[in-house]
Amino acid sequence: MNTVLLLFAHPRYEQSRVNRALLSALHHENHLSIHDLYERYPDFNIDAAHERNLLLAHSIVVWHYPFYMYSAPAMIKQWIDVVLEHGWAHGEGGCNMAGKIAFHTLTTGGAREGYRRDGCNRYRLGELLAPFEQTARLCNMTYLPPFAVQGTYRLQDTDLQAAARLYQRLLQRLSRGAF
């Protein structure tokens, strides 16, 4: 069974009913480690050795965060820069991430229709994530499309429950090797 490392980064988690719903559906999954980066590193001083040990112990990496201003919160970028260094994750001798699976779980306030060429954001979500995709590919990881919950301001509780169940099933399937 594949193990999943969910790298969660939400600077205002207590105010996010959507992310609370998504994570609450996962607390009983024994193939999954939820790692809250803002809780662990409030000073942004990331322990690269600790993070690398976590990565070595898991075969699937999920970057889970709210999509703010067309990118990830600063903690995700800091984590990538500190942990996925040349010589460890990529480049000469950097093969520790090779073969692992990576993808994003995102929440957006904007609706799905806004993330297309003729939408108000002018770009598809995948296009806006291109630097992250390239980072995964540089590290010889298998990059999967994002799991996105969009239009979060308009979601009803039943919508949140359905998204949480879908997320839970996705992670269960990936852990069983069905991708």
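1. Considering the side chain of R52
Within the secondary structure, R52 sits in helix α3 (residues 48-56). Owing to a relative accessible area of 15%, R52 belongs among the buried residues under this scheme. A polar contact of 3.0 Å, which involves the side chain of R52, links it to the backbone oxygen of V83. Setting aside chain neighbours within four positions, we find R52 in contact with V82, V83, E85 and W88.

2. Some thoughts on the pattern of salt bridges
Oppositely charged side chains can pair when the atoms bearing their charge come close. Under the defined criterion, the tally for this structure stands at six salt bridges. With a closest N to O distance of 2.9 Å, E85 and R52 form a salt bridge. Linking E85 in the loop between α4 (74-83) and β4 (101-108) with R52 in helix α3, this pair joins segments that are 33 residues apart in sequence. Close ionic contact of K77 with D81 constitutes a salt bridge, the shortest N to O distance being 2.7 Å. Of the two residues, K77 and D81 both sit in helix α4, four residues apart, roughly one turn of that helix. Among the residues examined, D81 registers a relative accessible area of 42% and is labelled partly exposed.

3. Quick word on the nonpolar core
Counting residues in each nonpolar core, the largest one holds 35 residues, and the members touching the most others are L55, W63, Y65, I76, W79, L84 and M97. Elements with a minimum of two residues in this core: β1 (4-8), α2 (37-40), α3, β3 (60-66), α4, β4, α5 (125-128) and α6 (130-138). Residue contributions to this core peak at five residues, all from α4. For I76, the contacting residues outside a window of four places in its chain are L7, A9, L37, W63, Y65 and F132. The next biggest cluster of nonpolar side chains, apart from the first, holds 23 residues, and it includes L23, L32, A164 and Y167.

4. Regarding the packing of helix α1 (residues 17-24) against helix α7 (residues 157-175)
Following both chains from N to C, one finds α1 and α7 inclined at 40°, their axes separated by 8 Å at the closest point. As judged from the angle between their axes, α1 and α7 are oblique. Crossing of α1 against α7: the hand is right-handed. Packed against α1, whose contacting residues are R17, V18, A21 and L22, the element α7 presents D157, L160, A163, A164 and Y167 at the interface.

5. A closer look at the pairing of β4
Buried residues dominate β4, accounting for eight of its eight residues. Neither face of β4 is open: one carries I101, F103, T105 and T107, the other A102, H104, L106 and T108, and all of them are buried. For β3 and β4, the ladder comprises seven bridges, and the chain directions are parallel. The partner of P66 across the bridge, within β4, is T107. Relative to strand β5 (residues 142-143), β4 runs parallel, the two being bridged by two bridges. Bridge assignment links A102 to a residue of β5, and that residue is Y143. Sheet analysis places β4 next to strand β6 (residues 147-150), joined by four bridges and oriented parallel. Of the residues in β6, the one forming a bridge with T107 is V149.

Calculation rules
- Residues numbered from 1 in each chain as written.
- Predicted model: local features only at pLDDT ≥ 70, side-chain atom pairs only at ≥ 80, totals over all residues.
- Heavy atoms only, no water.
- Helix = DSSP H or I, 4+ residues; strand = E, 2+ residues; numbered from the N terminus.
- Buried < 20%, exposed > 50% of the residue type's maximum accessible area, 1.4 Å probe, protein only.
- Polar contact = N/O pair within 3.5 Å; in protein donor to acceptor, adjacent residues only side chain to side chain.
- Contact = heavy atoms within 4.5 Å.
- Salt bridge = Lys/Arg side-chain N within 4 Å of Asp/Glu carboxyl O.
- Core = buried A, V, L, I, M, F, W, Y, C linked by side-chain atoms within 4.5 Å.
- Axes fitted to C-alpha atoms, helices over the stretch in contact; angles between N-to-C directions.
- Parallel < 35°, antiparallel > 145°, perpendicular 65-115°, else oblique.
- Left-handed = near helix turned anticlockwise from the far one by under 90°.
- Pairing = 2+ DSSP bridges.

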